[in-house]
Amino acid sequence: MIVLYTTHCPKCKVLESKLDKKNIKYSICEDVNIMQNKDITALPALEINNEILSFKDAVSWVNKQEG
């Protein structure tokens, strides 16, 4: 399961676009309280199988996926 934590800022939109271009299925979380409970301090963040990735790591992960 993949979750994109976003506030729809420009960087968030970049990551969302990359996910869409690779046809990666994901859900979106905009709930700041959930993000705080998961200790997410910078957005966007991507959660993959319970592992939280920063923007840089998330972009790297998406780029490695088959399109």
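Residues numbered from 1 in each chain as written. Predicted model: local features only at pLDDT ≥ 70, side-chain atom pairs only at ≥ 80, totals over all residues. Heavy atoms only, no water.

Novice: Go over the pairing of strand 1 (residues 2–5) with me, naming the residues and quoting the values.
Specialist: What you see with strand 1 is no split at all: Ile-2 and Leu-4 on one side and Val-3 and Tyr-5 on the other are buried throughout. In terms of strand pairing, strand 1 meets strand 3 (residues 45–48) through 4 bridges, oriented antiparallel. Bridge pairing in strand 3 links Val-3 to Glu-47. With 3 bridges connecting them, strand 1 and strand 2 (residues 27–29) associate as parallel partners. Of the residues in strand 2, the one forming a bridge with Tyr-5 is Cys-29. (Buried < 20%, exposed > 50% of the residue type's maximum accessible area, 1.4 Å probe, protein only. Helix = DSSP H or I, 4+ residues; strand = E, 2+ residues; numbered from the N terminus. Pairing = 2+ DSSP bridges.)

Novice: Which residues make up the pairing of strand 3, and what are the values?
Specialist: Every second residue of strand 3 is oriented toward a common face, with Ala-45 and Glu-47 on one face and Leu-46 and Ile-48 on the other, all of them buried. The pairing of strand 3 with strand 4 (residues 51–53) spans 3 bridges and is classified as antiparallel. Residue Leu-46 lies in a different strand from strand 4, and its bridge partner there is Leu-53. Turn length for the strand 3-strand 4 hairpin, with the two strands adjacent in sequence and antiparallel, is 2 residues, and the turn residue Asn-49 shows positive phi of about 50°.

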